[in-house]
Amino acid sequence: MSKFSTLKKAALAAAMGLALAGQASLAAAAEEWKFALEEISGSVQDAYAQKFKQLVEEKSGGDITVTVYPYGALGESEDLTELVANGVLQFTHGSTGILGSTAPSMQVFSMPYLLSQNNKVNLELLTESPTIYGPMADKLKTRNLRLLSMYPEGEMVWTTNKVVRKPADFDNVKMRVMASPMLVETYKSFGAVPTPLPYSEVYGALQLKMIDGQENPIFAIEEMKFYEVTDVLTWSGHQQFTVAVLSSESWYQGLPAAQRQIIDETIDELAPYIFETQAKYNQERLEKIQQAKPGIQVVHLNDAEQATFRKASEPLRDKLVELAGPEAGTALQALEAEIAELEQKY
C-alpha cells in the first residue's frame, strides 16, 4: 500500500480539528479516541484494541468512545506512528523494527533468542522493565510518542517450501523481512537472502515465487493465507513478534487526571488478557491451517538445531551496536540481566 496522499492527511487533520472544535463547544458530547492497527480485524492487535475500547467506554460511563481502525484504513505502520505523534490519532500499535528509527535501542527486540521461553517472564519484562520504560520510552518521547505497553503476538514461525533445520538449508532462500536493518542482518546470519517487502505484498510475492518464505506468528499466517502458497511451517524458537502500544505524549499529558487514570488502569488490565488471548489465537489458527491444508508439514526445531542458529547469530551482538549505537548494546545487556533474574523468580 502506498503512503498517505497529502490530501488524505489533510482531510484527516481537518476532521480531527473539527472533532476537537466540536468537543470544545459541546462539552457534554461523548469524546472520541481513535485507535489504529497494523493488522486486520480479527487479529491479536484487534483483540487488544476491542478490549481496550470496551474497558475505556465502561470506565468512562460512555463519556468516551473508542473507534478502532483496522489495517489499511489509515495507512502503513510508519503512517500510523506519525499520525499519533502529530495528534491526529490517539493510539496505535508500533512494531519495534519501525520504532527503531526513533529509539535505536528498540532494535534489540530483533535479536534472535532474546526473550524467554517462559511467557510469565516475558509478561513482567514487557510491562515493567526499567530498561524499556526508562531509556527506551524516554527516547520515544523525543518524537512525542508515549510507550504505554508492549506484548508478544506469538512465536515467529517460518513458512517455506522446503524444510529448514540448519543455516545451510537457508542457502539461496529469499526470506521476506520487514524493513529493519537488524532483521536483514539476522537472516544474513541464518544463511538466507533477506528481502524487505511491505506486509500487503507478501502473499503475491510468495505466489509468484519472488520470495521463498516469510516469518510471522501463526495467527497472521492463517489470516493472511500465507500457508496456501508455502508447504512447511517451522517453529525455530528464535523470536516472538513484539509490538508496542503507543499514544501521543503531549495529548496524554494534556488529559484530565481522571482520563489518564482510565488509560493507565485499562493498559494494566490488558497485559494478562492479551498474553492469554495471543496463545489461544495462535493455537486456534494452527488448527484452522491444518484443517484447510492437511498436508502442510509442521516442524519444531529441537534444542540442538536451535543451538546452531543461536551460534550463527552471535555476531549480531556487534552488528546491533554498529547499526543502532552503543545505547542498543547497553539495552541488550540490561534486558538479558533482567530476563535472567526473572527466570530465577519463575
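Look above for the structure.
Residues numbered from 1 in each chain as written. Predicted model: local features only at pLDDT ≥ 70, side-chain atom pairs only at ≥ 80, totals over all residues. Heavy atoms only, no water.

## Brief notes about the overall build of the protein
No. 1: Helix and strand counts for the protein come out as 14 helices and nine strands.
No. 2: For the protein, whose C-alpha radius of gyration is 20 Å, the value lies close to the compact-globule estimate of 20 Å for 346 residues.
No. 3: Considered along the principal axes of its C-alpha atoms, the protein spans approximately 65 × 40 × 35 Å.
No. 4: The buried share among the 346 residues of the protein stands at 55%. (Helix = DSSP H or I, 4+ residues; strand = E, 2+ residues; numbered from the N terminus. Rg over C-alpha atoms; globule rule 2.2 N^0.38 Å. Buried < 20%, exposed > 50% of the residue type's maximum accessible area, 1.4 Å probe, protein only.)

## Things to note about the pattern of salt bridges
No. 1: Taken as a whole and assessed by the stated rule, the structure comprises 19 salt bridges.
No. 2: Put simply, Arg143 and Glu82 hold a salt bridge, and the shortest N to O gap is 3.0 Å. Of this pair, Arg143 sits in the loop between α6 (132-141) and β4 (145-160) while Glu82 sits in helix α3 (residues 77-85), placing them 61 residues apart in sequence. (Salt bridge = Lys/Arg side-chain N within 4 Å of Asp/Glu carboxyl O.)

## Thoughts on the pairing of β4
No. 1: For β4, a buried count of 15 out of 16 residues is recorded, marking the element as mostly surrounded by other parts of the structure.
No. 2: Relative to strand β8 (residues 232-248), β4 is paired through twelve bridges, and the arrangement is antiparallel. What sits directly across from Thr160, in β8, is Val232.
No. 3: Judged from the four bridges that link them, β4 and strand β7 (residues 213-216) form a sheet pairing that is antiparallel. Paired with Thr159 across the two strands is Gln214, which belongs to β7. (Pairing = 2+ DSSP bridges.)

## Some details on empty space enclosed by the protein
No. 1: The full count for this structure, using the stated rule, is two cavities of 30 Å³ or more.
No. 2: The volume enclosed by the largest cavity comes to roughly 80 Å³.
No. 3: In this structure, the largest cavity is lined by Ser95, Thr96, Gly97, Phe109, Ser110, Met156, Met178, Leu183, Gln239, Gln240, Phe241 and Thr242.
No. 4: For the lining of the largest cavity, the secondary-structure elements that each account for two or more residues are α4 (96-99) and β8.
No. 5: The element best represented in the lining of the largest cavity is β8, accounting for four residues.
No. 6: Classifying every residue of the lining of the largest cavity gives five nonpolar, seven polar and no charged.
No. 7: In this model, the second largest cavity occupies a volume close to 40 Å³.
No. 8: Around the second largest cavity sit Val108, Phe109, Met111, Leu114, Leu115, His238, Gln239, Gln240 and Thr242, which together line it.
No. 9: Taken together, the residues of the lining of the second largest cavity break down into five nonpolar, four polar and no charged. (1 Å grid on protein atoms, 1.4 Å probe; cavity = no way out; pocket = protein on both sides within 12 Å on 5 of 7 lines; lining within 4 Å. Points joined across faces, edges and corners; volume = space filled by probe spheres on them. Nonpolar A, V, L, I, M, F, W, Y, C, P; charged D, E, K, R; others polar.)

## Some details on the packing of helix α7 (residues 181-190) against helix α13 (residues 316-324)
No. 1: Between α7 and α13, the least distance of the axes is 10 Å, while the angle of their chain directions is 155 degrees. One way to sum up the angle between α7 and α13 is to call them roughly antiparallel. Crossing handedness for the pair α7 and α13: right-handed. Packed against α7, whose contacting residues are Pro181, Met182, Glu185, Thr186 and Ser189, the element α13 presents Leu316, Lys319, Leu320 and Leu323 at the interface.
No. 2: Tallied by class, the residues present in the contact of α7 with α13 amount to five nonpolar, two polar and two charged. (Axes fitted to C-alpha atoms, helices over the stretch in contact; angles between N-to-C directions. Parallel < 35°, antiparallel > 145°, perpendicular 65-115°, else oblique. Left-handed = near helix turned anticlockwise from the far one by under 90°. Contact = heavy atoms within 4.5 Å.)

## A short note on helix α2 (residues 44-59)
No. 1: Taking 1.5 Å per residue, 16 residues should reach 22 Å; α2 reaches 23 Å between its end C-alpha atoms and fits that length.
No. 2: When α2 is considered as a whole, its buried residues turn out to be Val44, Gln45, Asp46, Ala47, Tyr48, Ala49, Phe52, Leu55 and Val56. (Expected span 1.5 Å × (residues − 1).)

## Quick word on the layout of surface pockets
No. 1: Roughly 480 Å³ of volume is contained in the largest pocket.
No. 2: Lining the largest pocket are 27 residues, and of these Ser77, Ile98, Arg176, Met178 and Tyr199 lie nearest its centre.
No. 3: Counting only elements with at least two residues in the lining of the largest pocket, the list comes to α3, β5 (174-177), β7 and α9 (218-223).
No. 4: Taken together, the residues that form the lining of the largest pocket break down as 16 nonpolar, five polar and six charged.

## As for the packing of aromatic side chains
No. 1: Considering all chains together, one arrives at 16 aromatic pairs under this definition.
No. 2: Ring plane angle 55 degrees and centroid distance 5.7 Å describe the contact between Trp33 and Phe91, whose orientation is recorded as tilted. Here Trp33, found in strand β1 (residues 31-36), pairs with Phe91, found in strand β3 (residues 91-95); they are 58 residues apart in sequence, far enough to count as distant.
No. 3: Since its relative accessible area comes to 0%, Phe91 is described here as buried.
No. 4: Plain terms: the ring middles of Tyr71 and Tyr199 are 5.9 Å apart, the flat faces sit at 80 degrees to each other, and that makes the pair edge-to-face. Remark: Tyr199 occurs in the loop between β6 (193-196) and α8 (202-207) and Tyr71 occurs in the loop between β2 (64-69) and α3; sequence separation between them is 128 residues. With respect to class, Tyr71 is no different from Tyr199; both count as buried.
No. 5: Of the aromatic side chains, those joined through ring pairs into one cluster are Trp33, Phe35, Phe52, Phe91 and Trp251. (Phe/Tyr/Trp six-rings, centres within 6.5 Å; stacked < 30°, edge-to-face > 60°.)

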